[in-house]
Amino acid sequence: MRLGVIGYGNRISGMIRNCFRKADPDLRVVGIVDPDEDGARSRLDDCDRTDARFYRGIGQLVRSAKPDALAIATRCNLHARYAVQAVRYGLPLFLEKPVSVSLRQALALERAYEKSDCPVVVSFPLRVTTNFAKVHELVRNGAVGRPEHVMAHNYVPYGRTYWEDGYRDYDVTQGLFLQKATHDFDYLMLLMGRPIVRVAAMGTVGHIFGGDKAAGLTCSICDETETCRESPQNRSKTASDHLCPFSVDCGSTETGLNEDSSSCVFEFDNGAHGVYTQVFYSLRDAGQRGAVVSGYDGTVSFDWYRPEIRLVKHFEPSTEIIDTGSQADDHFGGDDELARNFVGVVTGHEASRSTLQAGLQSVYTCLAAKESFQKRRFVNVRQVGQSGRGNGKS
Ligand SMILES: NC(=O)c1ccc[n+]([C@@H]2O[C@H](COP(=O)([O-])OP(=O)(O)OC[C@H]3O[C@@H](n4cnc5c(N)ncnc54)[C@H](O)[C@@H]3O)[C@@H](O)[C@H]2O)c1
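Reading the values: the criteria
Residues numbered from 1 in each chain as written. Predicted model: local features only at pLDDT ≥ 70, side-chain atom pairs only at ≥ 80, totals over all residues. Heavy atoms only, no water. Near = heavy atom within 4 Å. Polar contact = N/O pair within 3.5 Å; in protein donor to acceptor, adjacent residues only side chain to side chain. Areas by Shrake-Rupley, 256 points an atom, 1.4 Å probe, with all protein chains shown as cover. Pairing = 2+ DSSP bridges. Helix = DSSP H or I, 4+ residues; strand = E, 2+ residues; numbered from the N terminus. Contact = heavy atoms within 4.5 Å. Axes fitted to C-alpha atoms, helices over the stretch in contact; angles between N-to-C directions. 1 Å grid on protein atoms, 1.4 Å probe; cavity = no way out; pocket = protein on both sides within 12 Å on 5 of 7 lines; lining within 4 Å. Points joined across faces, edges and corners; volume = space filled by probe spheres on them. Nonpolar A, V, L, I, M, F, W, Y, C, P; charged D, E, K, R; others polar. Expected span 1.5 Å × (residues − 1). Buried < 20%, exposed > 50% of the residue type's maximum accessible area, 1.4 Å probe, protein only. Bend = angle between axes of the 7 residues up to and from the residue. Core = buried A, V, L, I, M, F, W, Y, C linked by side-chain atoms within 4.5 Å. Parallel < 35°, antiparallel > 145°, perpendicular 65-115°, else oblique. Left-handed = near helix turned anticlockwise from the far one by under 90°.

Trainee: Looking at this structure, how should I read the site of the ligand?
Mentor: Surrounding the ligand, one finds 25 residues, the nearest of these being Arg11, Asp34, His79, Tyr82 and Tyr167. For the ligand, an oxygen atom lies 2.6 Å from a polar atom in the side chain of Asp34. The side chain of Ser123 places a nitrogen or oxygen atom 3.0 Å from a nitrogen atom of the ligand. Expressed as a share of its isolated accessible area of 850 Å², the protein-covered part of the ligand is 82%.

Dropping the structure here:
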């Protein structure tokens, strides 16, 4: 595969090195659009150093480098803009999540792809992991009866990245529903087989992270590292020198600040409902991500961090524990599976297992959750294909 990449940062360079090349050892990066040429070059694999050329835009890249496929992996706020430009070339597209960070962008994206058969693989690794596939199969085959309720949680043990890296820039990410819950809403809708139509959300902001420490402050120039629990000395197993998570750079409640934790209750279109909670200050073994889905006949629970699925049939005397041998790396194996699917899509052997429609439906749900949290009221979720503008009021 000859691949053109827009935004050659950490995520896509890791995906190409660890997953795409496993799926296609002949893959070559032939063209890149990235204003930080030196940074992008430093992330290139040896085999691409001679052939990869830098271009000012997608049009120039496609005309000159003649790629077979494109990948868009800039920071979040540019995904939709580039994807709208990419559609006219009709090439298979690997698109990072969230597929957009605003309703305006999402509507433009939906419109742009409405009449296109350009295949898109959205970067949702959780939906293609083996343990999720097993849970999905159980639920689809009636293990719990009709699914009536789901309780999902995500205690993120690496959540410092949302205050100590570029992800703390609220203008770019627009908060942690779009940044993180986009994965979880996606797999929850897939698991329940229904779209979410209404949400009510809450968040806690500024209780832990954010603050009034100086702009640009890092541990190496801070005189409080003896006592600060986030310093490399005191968080020794999980930190090196880093930006201060208590800095004004993290934003404020007025300008936008990532949530320490956020939650929502949501309703599916058949009246089933669920809850989801994400917590970003957890560390170490506190990491948990998964769900409990139940119906009249049974309850299935799973956690990506633990290698088992638990199935309780309500009217049978035993409980089944299914060993999934799940792995912690590369999104629990999902990145490899996504890469394999993308290569299959490019060679024409497979359909996308993570479509743009799924990416958009998840974004509409995240936008409704964000709006509900900000306005303190229920918000109806826009549905892909719905006419008119706006995430309907409730
Ligand atoms: N799917 C997943 O599980 C997953 C995991 C991690 C990150 N991500 C997503 O991947 C995206 C990239 O994250 P990252 O950590 O690699 O960030 P990054 O900052 O390392 O990479 C972004 C790249 O985009 C480049 N860029 C900036 N402006 C640009 C422009 N105008 N045009 C083209 N390129 C431009 C930057 O120079 C940089 O190389 C984020 O949106 C993030 O949400 C997804």
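There is more to say, and it comes next.
Trainee: Sorry if this is basic, but what is going on with the sheet that holds strand E5 (residues 93-95) here?
Mentor: To summarise the sheet geometry, strands pair through backbone hydrogen bonds and adopt either a parallel or an antiparallel arrangement. In spatial order, the strands read E3-E2-E1-E4-E5-E6; together these 6 strands make up an open sheet with parallel pairing. Each edge of the open sheet is held by one strand with a lone partner, namely strand E3 (53-54) and strand E6 (120-122). In this structure, strand E1 (residues 2-6) lies alongside strand E2 (residues 28-33), joined through 5 bridges in parallel fashion. Within the sheet, the bridge partner assigned to Ile6 lies in E2 and is Val33. Contacting E1, strand E4 (69-72), E5 and E6, helix H10 (residues 334-346) runs over the sheet at an angle of about 175 degrees to E6.

Trainee: So what exactly am I meant to see when it comes to the layout of surface pockets here?
Mentor: Counted as a void, the largest pocket has a volume near 1200 Å³. Gly9, Asn10, Arg11, Arg75 and Tyr167 are, among the 37 residues lining the largest pocket, the residues nearest its centre. Sorting the residues of the lining of the largest pocket by element identifies helix H1 (10-23), helix H4 (79-86), helix H7 (161-164) and helix H9 (176-192) as the ones contributing at least two each. No other element matches H9, which puts 3 residues into the lining of the largest pocket. For the lining of the largest pocket, the per-class residue count stands at 14 nonpolar, 10 polar and 13 charged.

Trainee: Explain H9 here, please?
Mentor: Think of an α-helix as turning once every 3.6 residues; residues three or four places apart then point the same way. Helix length check: H9 (17 residues) gives 23 Å between terminal C-alpha atoms against 24 Å at 1.5 Å per residue, within 8%. With its phi angle positive at about 70 degrees, Gly193 sits one or two positions after the end of H9.

Trainee: Can you walk me through unusual backbone geometry in this structure?
Mentor: Most peptide bonds take the trans form, and the phi angle of most residues other than glycine is negative. For the peptide bond that leads from Lys97 to Pro98, omega is -15 degrees, which places it in the cis range. By the secondary structure assignment, Pro98 is in the loop between E5 and helix H5 (103-114). Even without a glycine there, the phi angle at Lys66 is positive, about 50 degrees. Along the chain, the position of Lys66 falls in the loop between helix H3 (58-65) and E4. On the basis of relative accessible area, Lys66 is assigned to the exposed category, the value being 55%. Here the phi dihedral of Arg376 falls at roughly 60 degrees; this positive angle occurs in a residue that is not glycine. Topologically, Arg376 is positioned in the loop between helix H11 (356-375) and strand E15 (379-380). Of the residues examined, Arg376 reaches a relative accessible area of 78% and is grouped as exposed.

Trainee: What exactly am I supposed to notice about H1 here?
Mentor: For H1, with 14 residues, the first-to-last C-alpha span of 19 Å sits near the 20 Å given by 1.5 Å per residue. Residue Ile16 marks the point of greatest curvature in H1, where the axis turns by about 45 degrees. Considered for burial, the residues of H1 that qualify are Ile12, Ser13, Met15, Ile16, Cys19, Phe20 and Arg21. Considering only its buried residues, H1 is in contact with E1, E2, helix H2 (37-43), E4, E5 and H10.

Trainee: It is not clear to me how the nonpolar core should be interpreted in this structure. Could you clarify?
Mentor: Membership of the largest hydrophobic core comes to 74 residues, with the highest contact counts inside it found for Leu70, Tyr113, Phe185, Tyr187 and Phe266. For this core, the element with the highest residue contribution is H9, accounting for 9 residues. Leaving out residues up to four positions away in the same chain, Phe266 has contacts with Val150, Phe185, Leu188, Ile196, Arg198, Val199, Ala272, His273, Gly274, Val275 and Tyr276.

Trainee: Could you clarify how one ought to interpret the packing of H4 against H5 in this entry?
Mentor: Packed helix pairs are specified by the crossing angle of their axes together with the interaxial distance, meaning the distance between the axes. With their axes 9 Å apart at the nearest point, H4 and H5 run at an angle of 20 degrees to one another. One finds that H4 runs roughly parallel with respect to H5. Remark: the crossing between H4 and H5 carries left-handed chirality. Facing Ala80, Ala83, Val84 and Ala86 of H4, the residues of H5 in contact are Gln105, Ala108, Leu109, Ala112 and Tyr113. Class assignment of the residues belonging to the contact of H4 with H5 gives a composition of 8 nonpolar, 1 polar and no charged.

Trainee: Hey, could you run me through the packing of H5 against H11 in this one?
Mentor: Between H5 and H11, the least distance of the axes is 10 Å, while the angle of their chain directions is 160 degrees. What the angle tells us is that H5 and H11 run roughly antiparallel. You can see that H5 and H11 cross each other, and the crossing is left-handed. Contact with H5, carried on its side by Leu103, Ala106, Leu107, Leu109, Glu110 and Tyr113, involves Leu356, Leu360, Val363, Tyr364 and Leu367 of H11 and no other residues of that element. For the contact of H5 with H11, the residue count by class is 10 nonpolar, no polar and 1 charged.

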